[in-house]
Amino acid sequence: MRLSKSITAGAALVALVALTGCGGGGDKGSSGPSKDDLGLPAAGDMASIEKFINQHAKCTNLRPVDEEGKGLLEKEAKDPAWAIKERAVCDDGSRQTITLLSISDMAKFQATNRAGKKYEALVGKNFAVVPTDDGTVKALMNAKMLTLTCDPDGYQIPSGYKQHKGLVEGCILTDYNRS
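Below you will find a few notes about this structure. (Residues numbered from 1 in each chain as written. Predicted model: local features only at pLDDT ≥ 70, side-chain atom pairs only at ≥ 80, totals over all residues. Heavy atoms only, no water.)

1. Here's the deal with the nonpolar core
As a reminder, the rule being used: Put simply, a nonpolar core is a bunch of buried Ala, Val, Leu, Ile, Met, Phe, Trp, Tyr and Cys residues held in one set by side-chain atoms that sit within 4.5 Å of each other. To sort residues, take the accessible area from a 1.4 Å probe on protein chains only and compare it with the maximum for the residue type: under 20% means buried, over 50% means exposed, and anything in between is partly exposed. Strands here mean DSSP runs of E at least two residues long; helices mean DSSP runs of H or I at least four residues long; both are numbered from the N terminus. Only heavy atoms enter the contact rule, under which two residues are in contact if any of them lie within 4.5 Å.
Within the largest apolar cluster, 20 residues are counted, with the highest numbers of intra-cluster contacts made by Leu101, Phe109, Leu148 and Leu173. At the level of elements, strand 3 (97-103), helix 4 (106-115), strand 4 (121-123), strand 5 (127-130) and strand 6 (146-149) are the ones that each hand at least two residues to this core. Ignoring anything within four residues of it in the chain, the contact list for Leu101 reads Met46, Ile49, Leu73, Ile84, Glu86, Arg87, Phe109, Asn126, Phe127 and Ala128. Of all hydrophobic cores here, the second largest spans 18 residues; its members include Ile53, Val129, Val137 and Met141.

Dropping the structure here:
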């Protein structure tokens, strides 16, 4: 009988801790979830980014330079302010170009994006991808990548879509992508 009361009391304590959010989890405060809490994928190098894309879409003919002059952020990749460790391009299943970026400092990348041309990109924790085909965009968003926009006034997000503050004021991560 005594054991039964102890188990019941223990279960009540666990339920109380879970409901109040006390114990171990830390307070997220009003700033919302951290980037780790968003479940964004990570990829440490170009091979990892290519493998990630190929798990969800198609990325063939990976190359550092696009011979045809396609792809984005080529000049930006050479500018240290953008915090782009490496840039490459590949082709999707529709022979459209996908730009792949390995990012050393996502906050720096977002700040420079906000101050500059304001590129929209799909982002993970430490990489960004700029696909041109809507099918590739949808497949990568289904794989937990989010759209980064640093032009919140020019990018209206309809109700029902998630909006998370970026690492820089004025940047937003969302599960909405206008096509």
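Following the structure, the description resumes.
2. Remarks on the packing of aromatic side chains
Our working rule: Only rings of Phe, Tyr and Trp enter the pairing, Trp through its six-membered ring, and a pair is recorded when the two centres are within 6.5 Å. The plane angle decides the type: under 30 degrees is stacked, over 60 is edge-to-face, the rest tilted.
Counting across every chain of the model gives five aromatic pairs. Ring geometry for Trp82 and Phe109: centres 5.7 Å apart, planes at 65°, overall edge-to-face. Here Trp82 is found in the loop between helix 3 (74-77) and strand 2 (84-91), whereas its partner Phe109 is found in helix 4, with 27 residues between them in sequence. Residues Trp82 and Tyr119 carry aromatic rings whose centres are separated by 6.0 Å and whose planes lie at 65° to one another, so their mutual orientation is edge-to-face. Taken as a pair, Trp82 in the loop between helix 3 and strand 2 and Tyr119 in the loop between helix 4 and strand 4 lie far apart in primary sequence, 37 residues in all. Considered together, Trp82 and Tyr119 belong to a single accessibility category, that of buried residues. An aromatic cluster is present here, built from Trp82, Phe109 and Tyr119 joined pairwise through their rings.

3. Here we look at unusual backbone geometry
Most peptide bonds adopt trans geometry, and most residues besides glycine take a negative phi value. The backbone of Asn61 shows a phi angle near 60°, a positive value even though the residue is not glycine. Position of Asn61 among the secondary structure elements: in strand 1 (residues 60-63). For Arg95, which is not glycine, the phi dihedral falls at a positive 60°. Mapped onto the elements, Arg95 comes out in the loop between strand 2 and strand 3.

4. Quick word on the pairing of strand 5
Definition in use: One bridge is not enough; two strands pair if DSSP finds at least two bridges between them.
Both faces of strand 5 are covered, namely the face carrying Phe127 and Val129 and the face carrying Ala128 and Val130. In this antiparallel pair of consecutive strands, strand 4 and strand 5, the connection spans three residues.

5. A closer look at the state of the cysteines
What counts is decided by this rule: Here, two cysteine sulfur atoms that lie within 2.5 Å of each other are counted as a disulfide.
Taken as a whole and assessed by the stated rule, the structure comprises two disulfides. Across a sulfur-sulfur distance of 2.0 Å, Cys59 and Cys90 are joined as a disulfide pair. Here the disulfide of Cys59 and Cys90 is left-handed, its torsion about the S-S bond being about -120°. Remark: Cys90 occurs in strand 2 and Cys59 occurs in the loop between helix 2 (46-56) and strand 1; sequence separation between them is 31 residues. What makes Cys90 buried here is its relative accessible area of 0%. At a sulfur-sulfur separation of 2.0 Å, the disulfide partner of Cys150 is Cys171. Across the S-S bond of Cys150 and Cys171 the torsion is about 110°, and the bridge reads as right-handed. On the criterion of sequence distance, the pair formed by Cys150 in the loop between strand 6 and strand 7 (163-165) and Cys171 in the loop between strand 7 and strand 8 (172-174) is long-range, its members being 21 residues apart. Cys171 carries the same exposure label as Cys150, and that label is buried. In the chain, numbering the disulfide-bonded cysteines from first to last in sequence yields the connectivity 1-2, 3-4.

Shape is all these values report; function is a separate question.
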